[in-house]
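A closer look at the structure
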Amino acid sequence: MTICHSTDTTFESDLKNEGFTLVNFWAPWCGPCRAFAPILERFDQEYSKVVRVLKINVDEQPNTAAHYGILSLPTTILLKNGEPIDKIVGAVHIDTLKQFIPDKNN
């Protein structure tokens, strides 16, 4: 599966997914966001069967970012069955992302 670039309009339908969804809030002018992008892509390649990955450009999709109270970029929120369960602020190593998924089998 490839990373889904979600919008304010499509977010709810993009999110309708049983299991885990990782939502990455970013902006093109954000240096750490650009550095984190290839890490997120690698994570998606390895975990696409377990976790759906959505990206939201906060400049173009301010409503979804406001709904989740995004104040710093990048911010990555983990949802399970559509409900937020954890959050990481900042660019992190792929190993941290892997550990972010609490139970890869359920």
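Structure: above.
Let us look at the structure shown here. The structure displayed is predicted, hence computed values, not measured ones.

What counts and what doesn't
Residues numbered from 1 in each chain as written. Predicted model: local features only at pLDDT ≥ 70, side-chain atom pairs only at ≥ 80, totals over all residues. Heavy atoms only, no water. Helix = DSSP H or I, 4+ residues; strand = E, 2+ residues; numbered from the N terminus. Expected span 1.5 Å × (residues − 1). Bend = angle between axes of the 7 residues up to and from the residue. Buried < 20%, exposed > 50% of the residue type's maximum accessible area, 1.4 Å probe, protein only. Contact = heavy atoms within 4.5 Å. Pairing = 2+ DSSP bridges. Disulfide = S-S within 2.5 Å.

1. Notes on helix 2 (residues 31-47)
Since the α-helix advances by 3.6 residues per turn, residues separated by three or four positions end up pointing in the same direction. Counted at 1.5 Å a residue, the expected span for helix 2 with its 17 residues is 24 Å, and the 25 Å between its end C-alpha atoms agrees. Its maximal kink placed at Ala37, helix 2 deviates by approximately 30°, while the proline Pro38 follows within four residues. Burial in helix 2 covers these residues: Cys33, Phe36, Ala37, Leu40, Phe43, Asp44 and Tyr47. Of the surrounding elements, those touching the buried residues of helix 2 are strand 2 (20-26), strand 3 (51-57), strand 4 (75-80) and helix 4 (94-100).

2. A closer look at the pairing of strand 4
Taken across its six residues, strand 4 has five buried, putting it largely inside the fold. Pairing of strand 2 with strand 4, which is carried by six bridges, proceeds in the antiparallel orientation. Within strand 4, the position partnered with Val23 by the bridge is Ile77. As consecutive antiparallel partners, strand 4 and strand 5 (residues 83-89) are separated by two residues, and within that stretch Asn81 has a phi angle of approximately 55°, a positive value.

3. Some words on the state of the cysteines
Going through the model one piece at a time under the given rule, you end up with one disulfide. Residue pairing for Cys30: its cysteine sulfur links by disulfide to Cys33, the two sulfurs lying 2.5 Å apart. Linking Cys30 and Cys33, the disulfide has an S-S dihedral of approximately 75° and is accordingly described as right-handed. Here the two residues Cys30 and Cys33 agree in accessibility, since each one is buried. Here Cys4 stays free of any disulfide, with the sulfur of Cys33 as its closest cysteine sulfur at 18 Å.

4. Re the sheet that holds strand 5
Strand order in this open sheet of five strands is 1-3-2-4-5, and the pairing throughout is mixed. Looking at strand neighbours, the two that pair on one side only are strand 1 (4-5) and strand 5, the edges of this open sheet. As paired elements, strand 4 and strand 5 share six bridges and run antiparallel to each other. Note on strand 5: the bridge partner recorded for Thr75 is Val89.

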